[in-house]
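# Coordinate analysis (summary)
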Amino acid sequence: MFVLATPVSHLTRVGRVTAKQLEKIGIETVEDLIFYYPFRYDDLSRVLTIDKLFPGVEATVRGRVELIKNRRSPVKKKILTEAIVSDDTGSLKVVWFNQPFLTKNIRPGDVIYLAGKANFDYREIEFVNPVYEIVRRGAPLNTAAIVPVYHLTGRITQKQLRFLIKHSLDFIGEVPEWLPKDIIKRRDFISITEALRQIHFPASWAEVEEAESRLKFDELFLFQLLAQRIKHLLKKSRAIPIEFKKRQTVKFVNSLPFKLTNDQRLAAWEIIKDLEGDRPMNRLLEGDVGSGKTVVAAMAMLNVVLNKHQAALMAATDILARQHYKTICKLLADFNIKIGLVTRSEKKINYKLGARNPVGGKKNFDSRFVTHNSDIIIGTHALISAKGAVPADRHGPASGGQDKIEFKNLALTIIDEQHRFGVEQRKFLKANSGQSGITPHFLSMTATPIPRSLALALYGDLDLSIIKEMPKGRKKILTKIVDSKNRSGAYEFIREKVKEGRQVFVICPLINPSDKLGVKSVAEEYQKLRKDIFPEFKIEALHGKLPSAAKEKIMTEFSENKINVLVSTSVVEVGIDVPNATIMMIEGAERFGLAQLHQFRGRVGRGEHQSYCLLFSDNLVGQTKERLRALVSSNDGFALAEKDLALRGPGEVYGTQQSGIIDLKLAKLTDFLIIKQAKEEAEKIIADDPEFKKYAEIKARLRLAEEAVHLE
């Protein structure tokens, strides 16, 4: 492994500047180079003689440079580099624009490959700006082959990266073969070294397919091993059986100001049946924005508390945690339940229990006191940090070991919008649940619409409950596409609604202006709306780079209707509930996926007033128009997710990190056949040897994966 860990700065042609540029794309070692896969290929393998070229054909030719020189064009004054290249069948003219250095790189007499599209110029064949490569020993890297294309940054070129990767492959013998021999034989895979060589520099498209099959399986097999191991550990773990309290549950349901949907009833029943078992529940509750997941979670927590045990609800941010606290207090108001809140800035209980005096002379609650004296504890994901610190905001400072979380008798953990929950977190909860040898039941909730087949691929170790049906009586959010010529009319409509007392979200793709991307930013939109469009209204800007306290202050003021218009990035995508906000205006709507646009739209329509979603776009062509029209015609998040998958693919819709376990570099979330194969093999391994005593390489690979991602 020493060679693989060699810094790229030690390689030929890599100085300090190049090393810094490579670092930006995650390449720091030789191993990083080897595992930096191409995202596509250019097929330049069609090599023709010059006499076989005709206008429009794309091909590679091999010829000798007869002449090369620079001159300035008489009209536009551009520098042209012109060459004559010939082979045994004829000659052609080659032109490059604004690359005068080529006369130093290419000399008369050199034999070169040229790859490009042939054109006619004054009845003679020519190549304009072709890719070139001087013929040397060994196979060509940039022409006359199926050529890899990599994601780049800064000043790194494709040629540089190909050169470095080619040389890094001298060390692929150091990469251990971690798949068991019987799996390789059974699935007819090539070796890891062959796969790595072929993924970078394939001799044919068949080799690309062979390499991708093996490397995709590796990624998904690791994914499934981690998932199946969690499943195996949970089968061995003990949980507190929670008896279903039918009478009190019926009382809770009857106390609600609305009728539960059939989907809510089914999901609640699946969860309650899981809780009755002595093995830890491990379930994902998936429901569209506003479908009523929190009520289902409250029902589960009520049953846990009635069994004289604790439940904890973890949220992604301070704002969402406080929102859940208010909602749960209201829903369970008739049951005399002690509900605690632990955030970075706030620690409180809904009951006046008195307060301990941990530091100085001021009376205040600390995290330990709240968790020990509450039946339900609501906080952020940091409540289960392995060190026990309590930063109630992922951007905030930790509170330190003196405030270590200790539960009294925790039996259920619910996480909202944090999709994964790993072995280390379970170990922490088991150790700190207040009950020796007990693992709490686990429920994860998400409002991201994920089609069932995809969810099962993503979360192989979780049981799945889906709420698709929306509560009766909820008004449909009216969605409109606004092009550039209708902007002023849309602004006037917004003005009328704000004068009626309503509030507005404005979403922008970026925080600051970017000339390169040419899309709207929070900074410029905030200034434009405040100074030019709505000078009479109170407008504020919100984004993820603001300090936590500033974000909280802005959101609190917006919730209290002290701010009319909130200009924000996607930081408001999840969890912010402002019933008086009735207009969601999205700038550069084409920059977002359908699933994300649907999430934004779900931030309005939460009160009694009619709500609207205005999709502003200056690029209403082709697929963009089709996607935005789909949003106008449908309010079904799951249908929109299916549409988005068909149009853009799962990598763009959910991102590579959506897997929650490992970064899928090659595998797609729709590679269902490979997922099935990987799951079958992982189940065999776990059933045969869950401690990996016979599989040292697998154990080492798993350890590396867990260190990298912590399964959160």
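Note: the structure precedes this text.
Since the model is a prediction, treat every value here as computed from it, not as a measurement.

## Let's talk about the nonpolar core
Across soluble globular proteins, nonpolar side chains have a tendency to be buried as a group. Counting 45 residues, the largest nonpolar core has Phe 252, Ile 328, Ile 376, Ile 378 and Leu 412 as the members making the most contacts within it. Among the elements that take part in this core, helix α10 (residues 293–306) stands out by supplying 10 residues, more than any other. Beyond its immediate sequence surroundings of up to four residues, Ile 328 is in contact with Thr 294, Ala 298, Met 301, Leu 313, Ile 339, Ile 376 and Ile 378. With 36 residues, the next largest nonpolar core counts Leu 4, Leu 141, Ile 146 and Ile 199 among its residues.

## Remarks on the sheet that holds strand β19 (residues 539–542)
Reading across from one edge, β17-β22-β21-β18-β20-β19 is the order of the six strands in this open sheet, with parallel pairing throughout. Because the sheet does not close on itself, it has two edges, and the strands there are β17 (478–482) and β19. Neighbour-to-neighbour, the strand axes of the sheet open up by a mean angle of 20 degrees, direction not taken into account. Bridge count between β17 and strand β22 (residues 612–616): five bridges; the pairing is parallel.

## Things to note about helix α8 (residues 246–255)
When α8 is considered as a whole, its buried residues turn out to be Gln 248, Thr 249, Phe 252 and Val 253. For α8, the angular spread of the buried residues around the axis is 140 degrees, confining them to a single face. Seen from the buried face of α8, the exposed residues on the opposite side, beyond 90 degrees, are Lys 246, Arg 247 and Asn 254. Residues of α8 that are buried sit in contact with α9 (262–275), α10 and α11 (318–331).

## Here's the deal with the pattern of salt bridges
A complete count under the given rule lists 29 salt bridges for this structure. Put simply, Arg 40 and Asp 42 hold a salt bridge, and the shortest N to O gap is 2.5 Å. Here Arg 187 makes a salt bridge to Glu 680, at a shortest N to O gap of 3.0 Å. Of this pair, Arg 187 sits in the loop between α5 (181–186) and α6 (192–200) while Glu 680 sits in helix α22 (residues 672–688); the two residues are 493 residues apart in sequence, bridging distant segments of the chain. Taking the relative accessible area as the measure of exposure, Glu 680 reaches 28% and is therefore partly exposed. When salt bridges that share partners are traced, they join Asp 182, Arg 186, Arg 187, Lys 676, Glu 680 and Glu 681 into one network.

## Describing the side chain of Thr 81
Along the chain, Thr 81 falls in strand β3 (residues 79–87). Residue class for Thr 81 comes out buried when judged on its relative accessible area of 0%. There is a polar contact of 2.7 Å between the side chain of Thr 81 and the side chain of Asn 70. With residues up to four places along the chain from it excluded, the contact list for Thr 81 reads Ile 68, Lys 69, Asn 70, Val 94, Val 95, Trp 96, Gln 99, Pro 100, Leu 102 and Thr 103.

## Here's the deal with the packing of helix α15 (residues 487–499) against helix α16 (residues 522–533)
Relative to each other, α15 and α16 sit at 75 degrees, their axes nearing to 13 Å. Judged by the inter-axis angle, α15 sits roughly perpendicular to α16. Contact residues: α15 offers Arg 487, Tyr 491 and Arg 495, while α16 offers Glu 525, Lys 528, Leu 529 and Ile 533. Class assignment of the residues belonging to the contact of α15 with α16 gives a composition of three nonpolar, no polar and four charged.

Cut-offs and rules
- Along each chain, the written sequence defines residue order, and numbers are assigned to residues from 1.
- Totals for whole chains, interfaces and linings use every residue, but because this is a predicted model, local features are given only for residues with pLDDT of at least 70 and side-chain atom pairs only at 80 or more, for both listing and counting.
- Excluding hydrogens and water, the side-chain values take into account all heavy atoms of the structure.
- The definition of a nonpolar core used throughout is a set of buried Ala, Val, Leu, Ile, Met, Phe, Trp, Tyr and Cys residues joined through side-chain atoms within 4.5 Å.
- Think of it in three bands: with a 1.4 Å probe and only protein chains considered, a residue is buried below 20% of the maximum accessible area for its type, exposed above 50%, and partly exposed in between.
- Each helix is a run of DSSP H or I of at least 4 residues and each strand a run of E of at least 2, with the numbering of both proceeding from the N terminus.
- The contact rule is simple, with two residues in contact once any of their heavy atoms fall within 4.5 Å.
- Following DSSP output, two strands are said to pair if at least two bridges run between them.
- Orientation is described by lines fitted to C-alpha atoms, with helices fitted over the stretch in contact, and by angles between N-to-C directions that extend from 0 to 180 degrees.
- To be clear, the arc concerns the directions from the helix axis to the C-beta atoms.
- In the sections that follow, a salt bridge refers to a side-chain nitrogen of Lys or Arg positioned within 4 Å of a carboxyl oxygen of Asp or Glu.
- Two N or O atoms count as a polar contact when they lie within 3.5 Å, although within protein this holds only if one can serve as hydrogen donor and the other as acceptor, and sequence-adjacent residues are included solely when both atoms are side-chain atoms.
- In this scheme, roughly parallel covers angles under 35 degrees and roughly antiparallel covers those over 145, while 65 to 115 is roughly perpendicular and the rest are oblique.
- Gly counts as polar in this scheme, as do all residues outside two lists: the nonpolar Ala, Val, Leu, Ile, Met, Phe, Trp, Tyr, Cys and Pro, and the charged Asp, Glu, Lys and Arg.

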